[in-house]
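Residues per chain, in single letters:
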Amino acid sequence: MSTVVIHGEGLGKRYHRGAIQQSTLLRDHLARALKSPLSLFRRPKDETFWALEEVSLEVREGEVLGLIGRNGAGKTTLLKILSRITKPTTGWAEIRGRVGSLLEVGTGFHPELTGRENTFLSGAILGMSKREIERKFDEIVAFAELEKFIDTPVKHYSSGMYVRLAFAVAAHLEPEILLVDEVLAVGDINFQKKCLGKMGDVARAGRTIVLVSHQLNQIRRLCHRVAWIDAASVRQVGNTHEVVSAYEAAMARGERNGHQPERGPAPKARFVRWEIAGPSGEEPHILKTLDTVTLKFTVDIRQPIKAGHYGVALRNHEQQVVWAWETRPLPLDVGERQLCHTFPMLPLRPGLYTWLVALYERGEAIDVWDCLPEMMVATEIFQHPQDQWSGILNIPVSFEIDGR
């Protein structure tokens, strides 16, 4: 078992909202008194809020932990505490090893200095020695693709050139623990691919990484575990596929917290449960294989149905219909009936999906059910690494050149 290199207990950070420090000079006191005599007797309103509250976590050596959540949830605050930029209001954190932080690309860049000079300045601020920067300088410049402009003041750089050089400097740190805050989204698509590859190299080298990103496909590819930070606290932590899928589903349904509208009375029949058939019966709502799979929908028939009309549909977290099917006429006797579907495979992109089942007779709805819990697909990924090229299907594929 690898050792714990990051350990935090009860971490919290409280800030003052809208606090403005007033002058203590006598003339300013007199001016305020003349303008509003009662102001001398009023105590300034001290409004505070918690940017992070009661967060505990452990990260082991060589592990890549992803942090996901909405903007303002507290992810960056947590990284700033771990990197010792800010002190926690409550709790404590213990870190074992040399820490490097990629919290803001361009840290230490001065517009009047050249790219070469800024490389040394930024590298020194990030914790690299002069000898280390000199050793890696050519590699940094080549990574940023700025060989022809390295001696040009950065004030003449385009925004893309600026962030490429900034990320190249930060990415060539060699710490034992690396804290990364949403810096993989810099530059164009080709450079983003290069950034992702660099982070993959760092992860494969066995370094410990804590990564914040809104690009969930990158989180799926790079991270061993994920922590979902919501409203300043940890909402869920665990397996990457499970946590990311839960987060995607919550965002897509607008945080309805698993509730659905009342289904109303169903005197003739009611769908009562669904499951993925398996030998063990454990985790009946998680799809982990791309082999043949059978799904069972159980319906409780309370009155005989002579000419039923049964339909089923599968939707992703964006409520897009992925697949649908129907059959009629369908006679069903009283009792619990299992409606089974066997698929050769379900090559779906990992994430949360919802089954919709419906039963009609002579055009009248008997029961319609958005099945709960949702189906989680946690299969191996056969997808493009960029979210914009990652489609709905997740199809295994082999690749050859000239038959090899």
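Right above here is the structure, for reference.
Description of the structure in this document. (Residues numbered from 1 in each chain as written. Predicted model: local features only at pLDDT ≥ 70, side-chain atom pairs only at ≥ 80, totals over all residues. Heavy atoms only, no water.)

So, the nonpolar core
Link 1 in the chain: If you look at the biggest cluster of nonpolar residues, it comprises 46 residues, and the most contacted ones within it are I68, L165 and I209.
Link 2 in the chain: Of the residues forming this core, the biggest block, 8 residues, is contributed by helix α5 (residues 159-171).
Link 3 in the chain: Leave out the neighbours within four places in its chain, and L165 touches F109, G115, T119, I140, A144, L146, I150 and Y157. (Core = buried A, V, L, I, M, F, W, Y, C linked by side-chain atoms within 4.5 Å. Buried < 20%, exposed > 50% of the residue type's maximum accessible area, 1.4 Å probe, protein only. Helix = DSSP H or I, 4+ residues; strand = E, 2+ residues; numbered from the N terminus. Contact = heavy atoms within 4.5 Å.)

Brief notes about helix α4 (residues 130-144)
Link 1 in the chain: Approximately 55° is the largest bend angle found in α4, and it occurs at K136.
Link 2 in the chain: Burial in α4 covers these residues: E132, I133, K136, F137, I140, V141, F143 and A144.
Link 3 in the chain: After α4 finishes, the residue E145 shows a positive phi value of roughly 60°. (Bend = angle between axes of the 7 residues up to and from the residue.)

Description of the packing of α4 against helix α6 (residues 189-204)
Link 1 in the chain: Where α4 contacts α6, the axes come no closer than 11 Å and their chain directions differ by 140°. Judged on the interaxial angle alone, α6 and α4 are oblique. Between α4, through E139, A142, F143 and A144, and α6, the contact on the second element is made entirely by F191, K194, C195 and K198.
Link 2 in the chain: Residue composition of the contact of α4 with α6, grouped by class: 5 nonpolar, no polar and 3 charged. (Axes fitted to C-alpha atoms, helices over the stretch in contact; angles between N-to-C directions. Parallel < 35°, antiparallel > 145°, perpendicular 65-115°, else oblique. Nonpolar A, V, L, I, M, F, W, Y, C, P; charged D, E, K, R; others polar.)

Looking at the pattern of salt bridges
Link 1 in the chain: The tally for this structure, following the rule as stated, stands at 16 salt bridges.
Link 2 in the chain: Of the charged contacts, one joins R235 and D230 as a salt bridge, the two residues approaching to 3.2 Å between their closest N and O atoms.
Link 3 in the chain: Judged by its relative accessible area of 36%, R235 falls in the partly exposed class.
Link 4 in the chain: The salt bridge involving K288 is made with E283; its shortest N-O contact spans 2.5 Å.
Link 5 in the chain: Take K288: its relative accessible area is 49%, and that puts it in the partly exposed class.
Link 6 in the chain: Note on E283: relative accessible area 40%, which makes it partly exposed.
Link 7 in the chain: Among the ionic contacts, a cluster of salt bridges with common partners joins R98, E132 and K136. (Salt bridge = Lys/Arg side-chain N within 4 Å of Asp/Glu carboxyl O.)

Focus on the sheet that holds strand β15 (residues 335-343)
Link 1 in the chain: Read from one edge to the other, the open sheet built from 3 strands follows the order β10-β12-β15, with strand pairing classed as antiparallel. Each edge of the open sheet carries a strand with a single partner, namely β10 (269-276) and β15. On average, each strand axis in the sheet is tilted by 20° relative to the strand beside it, whichever way the strands run.
Link 2 in the chain: Strand direction decides the pairing type here: strand β12 (residues 293-301) and β15, joined by 9 bridges, are antiparallel. For T298, the partnering residue across the bridge sits in β15 and is Q338. (Pairing = 2+ DSSP bridges.)

Considering unusual backbone geometry
Link 1 in the chain: For the bond from R328 to P329, the omega torsion is -10°, close enough to zero to count as cis.
Link 2 in the chain: As for its position among the elements, P329 is in strand β14 (residues 321-332).
Link 3 in the chain: The backbone of E54 shows a phi angle near 50°, a positive value even though the residue is not glycine.
Link 4 in the chain: As for its position among the elements, E54 is in strand β2 (residues 48-60).
Link 5 in the chain: Classification of E54 by relative accessible area gives exposed; the value is 59%.
Link 6 in the chain: Non-glycine residue A231 carries a positive phi angle of around 55°.
Link 7 in the chain: By secondary structure assignment, the location of A231 is in the loop between β8 (225-230) and β9 (233-239).

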